[in-house]
Amino acid sequence: MADNGRMTDAREVPSVTLAGGVAMPMVGFGTWPLRGHSAAVAVGRALQAGYRHVDTATMYANEAEIGRALHDSGLSRQEVFLTTKLRARDAGHERAVLKASLRALGTDYVDLWLVHWPPPRGKANVSVWRELLTLRDEGLARAVGVSNYSIQQIDELIEATGEAPAVNQIHWNPRRYNADLLHGLRRRGVVVEGYSPLKDTNLSDPVLNEIASVYGVTPAQVVLRWHLEHEIAVIPKSANSGRIAANLDLFGFSLKPAEVARIDGLAG
Ligand SMILES: NC(=O)c1ccc[n+]([C@@H]2O[C@H](COP(=O)([O-])OP(=O)(O)OC[C@H]3O[C@@H](n4cnc5c(N)ncnc54)[C@H](OP(=O)(O)O)[C@@H]3O)[C@@H](O)[C@H]2O)c1
């Protein structure tokens with residue numbers, strides 16, 4: 001197992017099936033806070049390294065560069081799973097904002113469109129969710145979901161429309177492990193996608209290092225593999241070629257249940 005640089009065959013990356021039958025690769029490439037030329041370069045490197053899932057947002061102001069990198073990659077649109085997100089403050093302008101995202105990305109549809117944050121003061125904003133469902137039904141997004149929503153807010157959406165978000169993209173890492181939350185989302189048919197998997201993790205942690213040395217991988221690779229063992233999709237960001245490749249190179253080893261449990265135990 002190389003700890004950097006090995007290109008992963010995109011076919012090695014498993015997918016999870018979202019509500020509505022849309023397949024989402026379990027490892028995606030995070031693009032915040034990449035901007036301008038460096039965003040296009042990093043996404044180009046990620047596609048070359050085998051990523052087929054790219055995560056962006058209106059807020060990241062990098063959709064045009066991602067569109068350029070996709071175009072320059074020579075991959076067909078159907079080969080890459082694209083996520084973008086609606087800012088909470090764009091409530092009421094959903095259609096115009098999605099159309100602007102599609103123009104910037106150079107595509108007719110996104111694979112997943114998320115509400116980036118719930119509105120302040122804790123309400124779920126059902127009217128935004130209805131609009132997302134409408135635009136999905138029109139074919140502008142293959143699946144729709146939310147980010148940073150609580151179970152209570154998701155229940156509000158389900159009660160109002162009968163439709164659960166396909167995905168909840170949430171801050172997740174070993175310190176944030178929460179079996180009840182995971183179970184609650186699963187029970188509602190919501191796929192969990194973790195963001196900031198590495199940034200807030202202590203990669204010097206002895207447990208992660210001990211497990212990494214067993215498999216000849218890095219602690220970062222152990223953390224990413226731990227997400228997959230829990231069937232949580234993960235979207236690490238890197239601007240560095242070696243780390244871009246290493247963060248996808250997760251399929252030459254797997255963690256034993258006891259190792260997963262030790263990492264779960266880092267929650268605090
Ligand atoms: N929905 C939301 O509200 C939300 C919020 C935050 C993030 N996100 C999404 O989630 C993605 C990932 O989260 P994130 O960017 O916050 O955090 P992250 O992916 O956990 O961490 C990125 C940081 O870790 C470094 N890094 C990457 N690979 C590494 C490795 N193998 N070993 C050590 N360090 C490594 C990167 O530096 P280098 O670039 O130098 O490698 C960068 O500083 C974002 O890019 C964005 O797409 C969504």
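The notes below deal with the structure included here. Note that this is a predicted model, so its numbers are computed, not measured.

This part covers helix H2 (residues 63-73). By the burial criterion, the buried members of H2 are Glu 63, Glu 65, Ile 66, Gly 67, Ala 69 and Leu 70. Considering only its buried residues, H2 is in contact with helix H1 (36-49), strand E4 (53-55), strand E5 (81-86) and helix H3 (94-105). Phi turns positive one or two residues past the end of H2, at Gly 74, with a value near 80°.

Given two aromatic rings, one states the distance between the centres and the angle between the planes to describe the pair. Counting across every chain of the model gives four aromatic pairs. Centroid distance Phe 29 to Tyr 51: 5.3 Å. Interplanar angle 70°. Geometry classified as edge-to-face. Of this pair, Phe 29 sits in strand E3 (residues 29-30) while Tyr 51 sits in the loop between H1 and E4, and the two are 22 residues apart along the sequence. Comparing Phe 29 with Tyr 51, the two get one shared label, buried. Between Tyr 215 and Phe 253 the ring centres are 5.6 Å apart and the planes differ by 35°, which places this aromatic pair in the tilted class. A residue pair is termed long-range when its members are at least 10 positions apart, and Tyr 215 in helix H7 (residues 206-215) and Phe 253 in the loop between helix H9 (241-246) and helix H10 (257-264) qualify at 38 residues. Members of the aromatic cluster, connected to one another through ring pairs, are Trp 172, Tyr 177 and Trp 226. Across the ring face of Tyr 109, the terminal group of Arg 77 is positioned such that the distance to the ring centre comes to 4.0 Å.

Thresholds, definitions, all that
Residues numbered from 1 in each chain as written. Predicted model: local features only at pLDDT ≥ 70, side-chain atom pairs only at ≥ 80, totals over all residues. Heavy atoms only, no water. Buried < 20%, exposed > 50% of the residue type's maximum accessible area, 1.4 Å probe, protein only. Helix = DSSP H or I, 4+ residues; strand = E, 2+ residues; numbered from the N terminus. Contact = heavy atoms within 4.5 Å. Phe/Tyr/Trp six-rings, centres within 6.5 Å; stacked < 30°, edge-to-face > 60°. Lys NZ or Arg CZ within 6 Å of the ring centre and 35° of its normal.

Distances and angles like these do not, on their own, reveal function.
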